[in-house]
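Commentary on secondary and tertiary structure
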Amino acid sequence: MRILLVEDDVSLGDAVAAWLRLDGYAVDWLTRGDQAELALKTHQYDVALLDRGLPGQSGDAVLRALRAHGSSLPVLMITARDTVPDKIEGLDLGADDYLVKPFDLAELSARIRAAIRRHRQMPETFLKYGAVTIDPATKQAWVDDTLLVLTTREFSVLHALVLAKGRPQSRAQLEETLYGWNEEIESNAVEVHIHHLRRKLGSHRIRTLRQLGYALAP
Ligand code: CA
């Protein structure tokens, strides 16, 4: 899953980006509001975290433009303003949730997962496809009833495949869910993760569809 973070406070942005990467997300971090529009146009994100006070363009303006274009992308506003009218204003602009600084990083992760569930209209916290079940909150995965031991990135690949429900995911799509802009991608990283996943799940559970990518077997 890929997150756009727009936060001009460098120490906070750094901490949030590092936390979310450890949590298995690909994170693109911008410090200016006026850079966000292009990023949102050119990349497929699962969630955006928007600070309200930003140089270039305010978080409010970014959000307003996004909703004016009809996007339903889940957006969490992060802000130092904590009065009730401020929160109401942010939510009425089209924010899905609202976090007041300083916030707890584990709570941020839980709110991101909740926003994604609401957006995808999947109220259940466990996701299942075929014999595979995953829990995005604890990063645990099972095949039938057997718990798998996966690395964070292996989990992220499996998560993307479960969400795709048997539709193939190309190498480029999987790379987008794994790596942010300034992370170096080894050319065969996805193949390596798939190789390890097949070893752990059983090789027949992940199909290779020529020209199309990888898909979970039903
Ligand atoms: Ca700010």
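As for the coordination of the calcium ion
For the calcium ion, the full set of protein donor atoms is Asp8 (OD), Asp51 (OD) and Gly53 (O), and the range of their distances to it is 2.1 to 2.3 Å. Of the residues examined, aspartate 8 reaches a relative accessible area of 31% and is grouped as partly exposed. Take aspartate 51: its relative accessible area is 3%, and that puts it in the buried class.

Here we look at the side chain of arginine 113
Mapped onto the elements of the fold, arginine 113 is located in helix H5 (residues 105-119). One buried charged residue, arginine 113, remains without a salt bridge, the closest side chain of opposite sign being aspartate 23 at 4.2 Å. With near-sequence residues (within four places) excluded, arginine 113 lies in contact with Asp23, Tyr25, Pro136 and Ala137.

Brief notes about the nonpolar core
Leu20, Leu49, Leu108, Ile112 and Leu158 are the most contacted members of the largest nonpolar core, which totals 46 residues. The greatest single-element share of this core, amounting to 7 residues, is contributed by helix H6 (residues 152-164). Both of domain 1 (2-120) and domain 2 (127-216) provide at least three residues apiece to this core. Contact partners of leucine 158, with chain neighbours within four places excluded, come to Val132, Ile134, Ala141, Leu148, Leu150, Leu197, Leu201 and Leu216.

What to know about the sheet that holds strand E9 (residues 146-148)
With respect to topology, 4 strands assemble into an open sheet ordered E6-E7-E8-E9, the strand pairing being antiparallel. Where the open sheet ends on each side, the last strands, each with one partner, are strand E6 (127-129) and E9. Mean inter-strand twist for the sheet, computed between neighbouring axes without regard to direction, equals 25°. Direction of pairing for strand E8 (residues 140-143) relative to E9: antiparallel, over a ladder of 3 bridges. For valine 143, the partnering residue across the bridge sits in E9 and is threonine 146. The strands touched by H6 within the sheet are E6, strand E7 (132-135), E8 and E9, with E7 carrying the most contacts at an inclination of about 115°.

Thoughts on the pairing of strand E1 (residues 2-6)
In terms of burial, E1 is a largely internal element, 5 of the 5 residues being buried. Side chains Arg2, Leu4 and Val6 project from E1 onto one buried face, and the interleaved Ile3 and Leu5 project onto a second face that is buried too. Where E1 and strand E2 (residues 26-30) come together, 5 bridges link them in parallel fashion. Counterpart to leucine 4 in the pairing with E2 is aspartate 28.

The rules behind the values
Residues numbered from 1 in each chain as written. Predicted model: local features only at pLDDT ≥ 70, side-chain atom pairs only at ≥ 80, totals over all residues. Heavy atoms only, no water. Donors = N, O, S within 2.8 Å, 3.2 Å for Na, K, Ca; no water. Buried < 20%, exposed > 50% of the residue type's maximum accessible area, 1.4 Å probe, protein only. Helix = DSSP H or I, 4+ residues; strand = E, 2+ residues; numbered from the N terminus. Lys, Arg positive; Asp, Glu negative; His and termini not counted. Salt bridge = Lys/Arg side-chain N within 4 Å of Asp/Glu carboxyl O. Contact = heavy atoms within 4.5 Å. Core = buried A, V, L, I, M, F, W, Y, C linked by side-chain atoms within 4.5 Å. Domains from an automatic or database assignment. Pairing = 2+ DSSP bridges. Axes fitted to C-alpha atoms, helices over the stretch in contact; angles between N-to-C directions.

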